Amino acid sequence: EYNLQAEPVEILPVIDPAFFDKDHNVLELMLGQLYNNYKNWQSTNKEKLELSYAKTTNITKQFQKAKYCLRHVATAETESYDPLEELEQLSAGIELGACIKQLISDYLEIIGKKHLIIRIDDIDLNMSQAYKMCEQLRKYIISDKCLVMISVKIEQLLTTIENAIHIEASYPENIDISSMASKYVDKLIPMASRINMPKAYSLCDEELEVYVDRNNSQPIFKSRAVKEGVVRKIFYTSRFLFYNSKGMVSPIIPNNLRGLFNLLGLLFS
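The model shown is predicted, which means the values in this text are computed figures rather than measured ones.

Colleague: When you look at the pattern of salt bridges in this model, what are you seeing that I'm missing?
Modeller: A pair can form between side chains of opposite charge whenever their charged atoms are brought close. Under the counting rule described, the total for this entry stands at 10 salt bridges. The partner of arginine 258 in a salt bridge is aspartate 122, with the nearest N and O atoms 3.6 Å apart. Taken together, the residues arginine 258 in helix H9 (residues 257-268) and aspartate 122 in the loop between strand E2 (115-120) and helix H5 (130-141) connect sequence positions 136 residues apart. A relative accessible area of 55% places arginine 258 in the exposed class. In this structure, the salt-bridge partner of glutamate 135 is arginine 138, at a minimum N-O distance of 2.8 Å. Here arginine 138 and glutamate 135 lie together in helix H5, a separation of three residues that amounts to about one turn. The exposure class assigned to glutamate 135 is buried, which follows from its relative accessible area of 14%. Owing to a relative accessible area of 35%, arginine 138 belongs among the partly exposed residues under this scheme.

This is the structure in structure tokens:
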């Protein structure tokens, strides 16, 4: 188990897969975020830099080496007619994982943290690049010093992986693509590593309290149940009356947390 409060961790900004295309990938953005954080740390810890000049020089070389390997891995997707260049690309691909792993370890040692947390939001929404991003995470960022947190709808990711396998295998009809995709996702995101978000309907009998902000100790609205509070607030705001049938939840209430939050935000704005 992992306790974020017990150990000092470095948390990178949330990565949005919407920015990824054929020319930009998750590794580039992660390295860019890491380097930007390092530069910010340098500007506020000059006295520590003077005491560890050798470490500072070494990690700068690590950043350069990682970028060098990444550039060659990216160019490996284009055809090359030079055998030595092909070997260089192959070597860079093999070395990139170890290079990133060493970079993260050296970076955490310099700034005095134990683990690095990488957050990726809705990786399944980028249908054209999701499989490629998953492969990059699996090949190059797996490390005992690094914790990768991914927001994903497993069913949609499975569909994306199936499409990618279908295309890579040149549209075969004699293989079970669905089974292959399922095994791939189970290996990439094991069941024990998943945290399933609850459906809104499972919370509809819980007490509802709405606050202006997190620092405000007094709620501006209270209800003994979410399903009762939402339809009551709709009536107060719009004079439209919806009912919760006995043992049921009104269809006006979304069955996902994002939709429920958006509806509450609309009603209280």
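Colleague: What is the right way to read a nonpolar patch on the surface from this model?
Modeller: Residues Phe240, Phe242 and Ile252 make up a contiguous nonpolar surface patch of roughly 270 Å² in combined accessible area. For phenylalanine 240, the position within the fold is in the loop between helix H8 (226-238) and H9.

Colleague: Is there a simple way to think about the packing of helix H6 (residues 154-168) against helix H7 (residues 177-188) in this case?
Modeller: The axes of two packed helices give the description: the angle between them and the distance between them. Where H6 contacts H7, the axes come no closer than 9 Å and their chain directions differ by 120 degrees. The angle between the axes of H6 and H7 places the two elements in the oblique class. Here H6 and H7 pass one another in a crossing that is right-handed. Along the contact surface, H6 presents Ile154, Leu157, Leu158, Ile161, Glu162, Ile165 and His166, while H7 presents Ile177, Ser178, Met180, Ala181, Ser182, Tyr184 and Val185.

Cut-offs and rules
- Residues numbered from 1 in each chain as written.
- Predicted model: local features only at pLDDT ≥ 70, side-chain atom pairs only at ≥ 80, totals over all residues.
- Heavy atoms only, no water.
- Salt bridge = Lys/Arg side-chain N within 4 Å of Asp/Glu carboxyl O.
- Helix = DSSP H or I, 4+ residues; strand = E, 2+ residues; numbered from the N terminus.
- Buried < 20%, exposed > 50% of the residue type's maximum accessible area, 1.4 Å probe, protein only.
- Patch = residues over 30% accessible without salt bridge, like charges linked within 9 Å, V, L, I, M, F, W, Y side chains within 5 Å.
- Areas by Shrake-Rupley, 256 points an atom, 1.4 Å probe, with all protein chains shown as cover.
- Axes fitted to C-alpha atoms, helices over the stretch in contact; angles between N-to-C directions.
- Parallel < 35°, antiparallel > 145°, perpendicular 65-115°, else oblique.
- Left-handed = near helix turned anticlockwise from the far one by under 90°.
- Contact = heavy atoms within 4.5 Å.

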